[in-house]
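Observations on chain architecture
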Amino acid sequence: MSKVNLKSLLQGATVLSLGAFGLGLPVPGTARAADVESSEQIIVTARRVEERLQDVPISISVFDQKQLSDRGITNGRDLSVYTPSLQISSLLGSTDVQFSLRGFLQDLQTAPTVAVYFADAVAPRGGATVQTGDGVAPGSFFDLQNVQVLKGPQGTLFGRNTTGGAVLLVPQKPTGKFESYVEAAYGNYNMENVQAVVNVPLSDKVRFRAGVNQEKRDGFENNISGIGPSAFGDVGYVAARASLVVDVTPNLENYTVLTFNRSKDNGAIEQVQTCNPAAPIFGALNCAQIAREQGHGRYVVENDLPDPISYLRQWQVINTTTWQATDNLTIKNIANYAQLKNDVRTTLFGDNWLLPAVISIPTPAGVFNIPTGPLAGTAIPFIFLKHPPGGDEANQETYSEELQFQGRSFDNRLTWQAGGYMEGSDTIGLSGSFNNTFLNCSDMANFKCSNVLSLFIGPAVAGTLTTQNFGVSFHNYGVYEQATYKLSDAFKVTEGLRYTDDLVKGSGNRILYFFPAPNTPTPQCYPGTVGSACFQQNRVSSHAPTWLIDLDYTPNQNVLLYAKYARGYRQGSINQGGPASHATFQPEHVDSYEVGAKTSFQGAVSGTLNVAGFYNDLTNQQVQVNYQARPGSGISQNGGISNIGKSRIWGFEVESTVKPVKDVTLNVAYTYLNTKVLQLTPIVLAPNDLYISAVPLALVGTPLSFTPKHKISTTLSYHLPLDESLGPITASGTLVYNDRELSQAGGAVPYIPGYTLLNMNLSWESVTGKPFDIELFMTNVTNKFYVTYGADQFKTTGQVDRTLGEPRMFGARVRVHFQ
């Protein structure tokens, strides 16, 4: 059984964050909580140069480090809470998070729809059959200048072509002033967090900055099976960063950043929500599990794997050289190298099936009961997902090189950029997966397994071990240019053009092992593989131009109106599994239309109001497909990607910051998203194919999966009007509403319910004029029980599973500054 998107698109746990009780001296480069920085002054790099947010004709959400801290944003899931058009996908927990924007989703084995950049360098690829890489590693949200969420296709200026957008993490750059801080936090579930940052000017030309961020927290999911850890949904990571700026000459700067992230926890596990008693054999096993869990609380789960783990290690070095060649020409080179390693051991669907005393099998003549005797109570694993013995789920290196030229005309009417981009990614060592379906194994690595279930119901349920070892490489090249011409004081026109060439190559083997007798494996090559080694090799190349055209109108300094058209592209890739006739898939394309307005206003009520409306035509859409095995073929259901879809996406976004009265700030962000699958082309399989049918995990006329129609985030902050000698004290609260989302079209429980969450925060900076801050925080204040993902197998194995959002979390944080 394949799983819809394999834990993909875990929805942003819409949590409310009522600020944070933070006391202390203002951190250099950030604003005090009482003086929230106006959007009018925020500087962004959405077009690879520094510009005022209100001057950029792109829909952007921006958070500086103070706003990240006050809202309790410590990971990608938190970021999605406060950015309504942003959703998240994470593999089996929060270890590795990928993003989606405006309904453009990343599926298994596809390239990201939203690229993540840290210090202008792209996030490392994962290259695995499961989703990993291409995202934000745990612990990255500290000591940042800001985080920028760019919405809409990024097909000209940025390294990777993406259809949904980009997320930019801009780290704090070393400064010419000595400064440092140490921070400690403690909360419920034994949460412990420690941060430390130091900035040292080594000379008037050399500046150094370093920091570390470490957190651990117990899990909130209570495992009652007695197998493996007692709790899931825990946290355990460490992140470190060091950066060096050298002014080689007054016009030549070299900037190096080194990052390291390591996360190790038990992962998350799904809860069996609903069972289907009519499903043969397995329905009764699921119903029995639900009955066992009654009375153990809302966050009860069961696990049948002794040693589950979710592990990620990632490091990256980025070097940027900037040469101000003339007053009108800047040349920049960005070199990047990274490695990512990911290991996963988990029970995929949260099941813990125990062999009943009697197996009941419905037949045309009635129900046939089979006693199991002394084997009653034996565990029947459904699907274990593991990395291969001696290998990893993913072990990939990524390297990139970008050369930029930026200039302007002598009369400043024309500004332009041009450059070239190269990216490569290759597998290091052994990567793959080692999966168990229905087998009882005392030692999987040495094939010590038996097919207990088949003893009672025969070969109808054939337990298997599946080994897959593979290597995959990506090679991407692009050249681009973009220019803006000032037609008049009020009108500007921008055009951009890029040509991209992509190549993906993959090779490896895939073997099924059957067990007709205990501890006696019988190997069989998987469909599509060849030779005694069961070898498979595929490649796919794709190339395309992308472009944009934008017209801006600025009637006065407080208003920007814009309209643009962009062509987006997402590369094709290879399927690790499925029919040989569908071993690869091609790029998908989007035509995007957007109009927007950015306004600022002053007076008794001051603030900003930004709105954007968009319409997208998605063609040659990459759609997840389940391939149903032919009876008697000896293989199981499988999944892959195929270009069979066409969809449309439209909606609008509103973001506003208002100060209605003194000491009160209101931030509102709202997204309306309307998606619809317009067309699905049937897949025709060969008459002798081992797969009998191909079933898309989508239906014509339904929304795209995991795209809530309404999502809103509202934050109200109040600066207490006390004597300044006490230090600024700010209370804030955030209310977030996430509309229901389609989880699986055509399923028994197709939708994830909508939910409303509240977060609260109280911060006290520079406590009584001393160099320390205090912060109190609470997320999910009402302890709302909510679901972030669903997997529907009601008609097959008789179960519907769900991933649970976090319960109420609270704690305190203290930061001490040294200057």
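Residues numbered from 1 in each chain as written. Predicted model: local features only at pLDDT ≥ 70, side-chain atom pairs only at ≥ 80, totals over all residues. Heavy atoms only, no water.

Description of the nonpolar core
Formed by 30 residues in total, the largest nonpolar core has its most connected members in Leu 79, Phe 99, Phe 141, Val 147, Val 167 and Leu 169. Counting residues in each nonpolar core, the second largest holds 25 residues, with Ile 281, Leu 348, Ile 752 and Val 787 among its members. (Core = buried A, V, L, I, M, F, W, Y, C linked by side-chain atoms within 4.5 Å. Buried < 20%, exposed > 50% of the residue type's maximum accessible area, 1.4 Å probe, protein only.)

Concerning the sheet that holds strand β6 (residues 114-118)
Spatially, the five strands line up as an open sheet ordered β3-β8-β9-β6-β7, and their pairing is mixed. Edge positions in the sheet fall to β3 (60-64) and β7 (121-122), since each has one partner strand and no second. (Pairing = 2+ DSSP bridges. Helix = DSSP H or I, 4+ residues; strand = E, 2+ residues; numbered from the N terminus.)

Some words on the environment of Arg 313
Locating Arg 313 in the fold gives a position in strand β19 (residues 309-326). Residue class for Arg 313 comes out partly exposed when judged on its relative accessible area of 29%. Spatially, the C-alpha atoms of Arg 313 and Arg 630 are 40 Å apart, while their sequence positions differ by 317 residues.

Description of the packing of aromatic side chains
This structure, assessed with the given rule, holds 20 aromatic pairs. When the ring of Trp 315 is compared with that of Tyr 337, the centres are 5.5 Å apart and the planes differ by 50 degrees; the resulting orientation is tilted. One end of the pair, Trp 315, is in strand β19; the other, Tyr 337, is in strand β20 (residues 329-347), and 22 residues separate them in sequence. Residue classification places Trp 315 among the partly exposed positions, given a relative accessible area of 27%. Both rings, one in Tyr 565 and one in Tyr 593, keep their centres 5.1 Å apart while their planes meet at 25 degrees; by these two values the pair is stacked. Taken together, the residues Tyr 565 in strand β35 (residues 559-570) and Tyr 593 in strand β38 (residues 588-601) connect sequence positions 28 residues apart. The partly exposed category is assigned to Tyr 593, whose relative accessible area is 39%. Grouping aromatic residues by their ring pairs yields a cluster made of Phe 282, Phe 349, Trp 353, Phe 382 and Phe 438. (Phe/Tyr/Trp six-rings, centres within 6.5 Å; stacked < 30°, edge-to-face > 60°.)

Concerning the environment of Thr 321
Within the secondary structure layout, Thr 321 lies in strand β19. With 235 residues separating them in the primary sequence, Thr 321 and Asn 556 have C-alpha atoms 37 Å apart. Leaving out residues up to four positions away in the same chain, Thr 321 has contacts with Leu 252, Glu 253, Asn 254, Ile 331, Lys 332 and Asn 333. In this structure the side chain of Thr 321 is engaged in a polar contact, spanning 3.4 Å, whose partner is the side chain of Asn 319. (Contact = heavy atoms within 4.5 Å. Polar contact = N/O pair within 3.5 Å; in protein donor to acceptor, adjacent residues only side chain to side chain.)

Regarding helix α3 (residues 282-293)
Counting along an α-helix, one turn takes 3.6 residues, and residues three or four places apart therefore face a common direction. Its twelve residues place the ends of α3 17 Å apart at the C-alpha level, agreeing with the 16 Å of an ideal helix rising 1.5 Å per residue. Residues of α3 that are buried include every one of Phe 282, Gly 283, Leu 285, Asn 286, Gln 289, Ile 290 and Glu 293, and no others. All buried residues of α3 fall inside an arc of 165 degrees around its axis, so they share one side. In this fold, the buried residues of α3 make contact with β17 (271-275), β18 (300-301), β21 (353-354) and β50 (799-804). Directly beyond the C-terminal end of α3, a positive phi value near 85 degrees is found at Gly 295. (Expected span 1.5 Å × (residues − 1). Arc of directions from axis to C-beta.)

Examining unusual backbone geometry
Positive phi, close to 50 degrees, is recorded for Asn 620, a residue that is not glycine. Structurally, the position occupied by Asn 620 is in strand β39 (residues 606-629). Unusually for a residue other than glycine, Thr 768 sits at a positive phi of about 50 degrees. By secondary structure assignment, the location of Thr 768 is in the loop between β47 (755-764) and β48 (772-779).

A word on the environment of Gly 572
Tracing the chain through its elements places Gly 572 in the loop between β35 and β36 (573-574). Accessibility expressed as a relative area gives 3% for Gly 572, which makes it buried. Setting aside anything within four residues of it in sequence, one finds Gly 572 in contact with Val 504, Val 540, Ser 542, Phe 585, Gln 586, Pro 587 and Gln 622.

A look at the state of the cysteines
Note: disulfide means a covalent bond formed between the sulfur atoms of two cysteine side chains. All told, the structure shown has three disulfides when counted by the stated rule. Two residues, Cys 441 and Cys 449, share a disulfide whose sulfurs are 2.1 Å apart. One disulfide, between Cys 441 and Cys 449, carries an S-S torsion of 110 degrees and so falls in the right-handed class. Given a relative accessible area of 1%, Cys 449 falls into the buried group. One disulfide in the model links Cys 525 with Cys 534; its S-S distance is 2.0 Å. Taking the sign of the S-S torsion, -75 degrees for the link of Cys 525 and Cys 534, the bridge is left-handed. Its relative accessible area of 29% is what places Cys 525 among the partly exposed residues. Counting only the cysteines that take part in disulfides, in the order they occur along the chain, gives the pairing 1-2, 3-4, 5-6. (Disulfide = S-S within 2.5 Å.)

Quick notes on the sheet that holds strand β49 (residues 787-793)
Pairing is antiparallel across the open sheet formed by three strands, whose spatial order is β17-β50-β49. Only two strands of the sheet have a single neighbouring strand rather than two, namely β17 and β49. For this sheet the average axis-to-axis angle between neighbouring strands, irrespective of direction, equals 25 degrees. Alignment of β49 against β50, held across six bridges, turns out to be antiparallel. Looking at β50, one finds that Gln 793 is bridged to Gln 799. α3 contacts β17 and β50 of the sheet and is inclined by roughly 120 degrees relative to β17. (Axes fitted to C-alpha atoms, helices over the stretch in contact; angles between N-to-C directions.)

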